[in-house]
Amino acid sequence: ATPMSIISGVGRAAEFGVLVRDADALQQASTLDTLVFDKTGTLTEGQPRVVEIITFDPVNEQQALRWAAALEQGASHPLARAIVEHANGQILPQVEQFRTLRGSGVSGEVEGVPLLLGNAKLLQENRVTVSHELDALVQQQAERGITPVLLAANGEPVALFAIRDPLRSDSVSALQRLHRQGYQLVMLTGDNPITANAIAKEAGIDRVIAGVLPDGKAEAIKQLQAQGHRVAMVGDGINDAPALAQADVGIAMGSGSDIAIETAAITLMRHSLNGVADALALSKATLRNMK
Ligand code: ADP
Ligand code: MG
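Basis of the calculations
Residues numbered from 1 in each chain as written. Chains lettered and ligands numbered in written order. Predicted model: local features only at pLDDT ≥ 70, side-chain atom pairs only at ≥ 80, totals over all residues. Pairing = 2+ DSSP bridges. Helix = DSSP H or I, 4+ residues; strand = E, 2+ residues; numbered from the N terminus. Axes fitted to C-alpha atoms, helices over the stretch in contact; angles between N-to-C directions. Domains from an automatic or database assignment. Contact = placed C-beta atoms within 7 Å. Core = buried A, V, L, I, M, F, W, Y, C linked by C-beta atoms within 7 Å. Buried ≥ 20, exposed ≤ 12 C-beta atoms within 10 Å, placed from the backbone.

### Description of the sheet that holds strand 12 (residues 249-253)
Logical step 1: A sheet is described by the order of its strands in space; here seven strands give the open sequence 1-13-12-11-2-9-10, paired in mixed fashion. Lying at the two open borders of the sheet, with one neighbouring strand each, are strand 1 (18-20) and strand 10 (207-209). Geometrically, the sheet is characterised by an average inter-axis angle of 20° between neighbouring strands, direction not taken into account.
Logical step 2: As paired strands, strand 2 (residues 34-38) and strand 9 (residues 184-188) are joined by five bridges and run parallel to one another. Each bridged residue has a counterpart across the sheet, and for F37 the counterpart in strand 9 is M187.

### A word on the domain arrangement of the protein chain
Frequently, the measure chosen for interface size is the accessible area that the parts lose on association.
Logical step 1: What the domain assignment lists for the protein chain is domain 1 (4-45 + 167-290) and domain 2 (49-164).
Logical step 2: Computed from C-alpha atoms alone, the centre-to-centre distance between domain 1 and domain 2 is 32 Å.
Logical step 3: Taken together, the twelve residues of domain 1 in the interface contact eleven residues of domain 2.
Logical step 4: Breaking the side of domain 1 that touches domain 2 down by element, the ones donating at least two residues are helix 3 (39-43) and helix 9 (193-203).
Logical step 5: Ranked by the residues each element gives to the side of domain 1 that touches domain 2, the list is headed by helix 9, at five residues.

### Topic: the nonpolar core
Logical step 1: The biggest cluster of nonpolar side chains holds 50 residues, and the ones touching the most others in it are V36, A232, M233, I251, I266 and V276.
Logical step 2: Sort the elements by how many residues they give to this core and helix 13 (residues 274-290) lands first, with five residues.
Logical step 3: If near-sequence neighbours (up to four positions away) are discounted, A232 is found in contact with L32, L35, V36, A247, D248, V249 and I251.
Logical step 4: If you look at the next biggest cluster of nonpolar residues, it comprises 39 residues, including V106, L116, A120 and V158.

Right under this line is the structure:
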């Protein structure tokens, strides 16, 4: 039989805007030592904006934006939304042979020009030469917590889109609370390691696992578990569902994808990491009362 105090703990959690699936979820939550956070949309606002466009001759800013926005119209990534929004109102050219390259970018042909848009790794994998100057520029942006997205036309880099997705206003204080509760805090992201580390430093996160392909997120959780950790995964996206399922406790941020919410043991109704601190404190208090 489920002890009465756990049932009342589940009920009390709801008053905090924390939906706990069942008594077992609350029990599992009381045993964690490591919390893994998806970056985009969980630690950050998840609404990235283009803050700067740097172009290389002979392509100008307007041309680069038209091409990039045309490509990104077919993608659903938050970075794609940022670029399309930045071009708002413009009539965009048609795209032939559009492809999404999961975890790295998009490609297609616009006005007879073959285009590639994504991270530096994507360009390099497609034999686009990234010069030392461009690489230094990419690094400089990334060190400021910016995600650099590169556009190549005809196999040559022609533009860099500097895209910024700030931390949620209450992320830092919520993470401080979780630190005081004694958890190891980990960021898990497909973004590049330099940008990820810059944002992690700002957030007060201990450890970064970056450059992870969408399918690699669950594997990263498994590895932490193999090292003896009891792991919660906090995420909001469709990509996060396998990692939420692999974790000892999956925590979905409310207003995230339906798949994430279905998979999670705990769902936060408020879109705030303070809900994680509330939920875990409550799970411990409830289990302590039973002893
Ligand atoms: P995350 O959800 O953590 O951002 P993803 O695997 O979705 O991770 O993306 C990893 C990286 O691939 C992004 O940081 C970006 O550099 C690149 N990328 C993915 N999709 C796109 C896109 N549509 N346009 C530009 N870059 C993209
Ligand atoms: Mg996400």
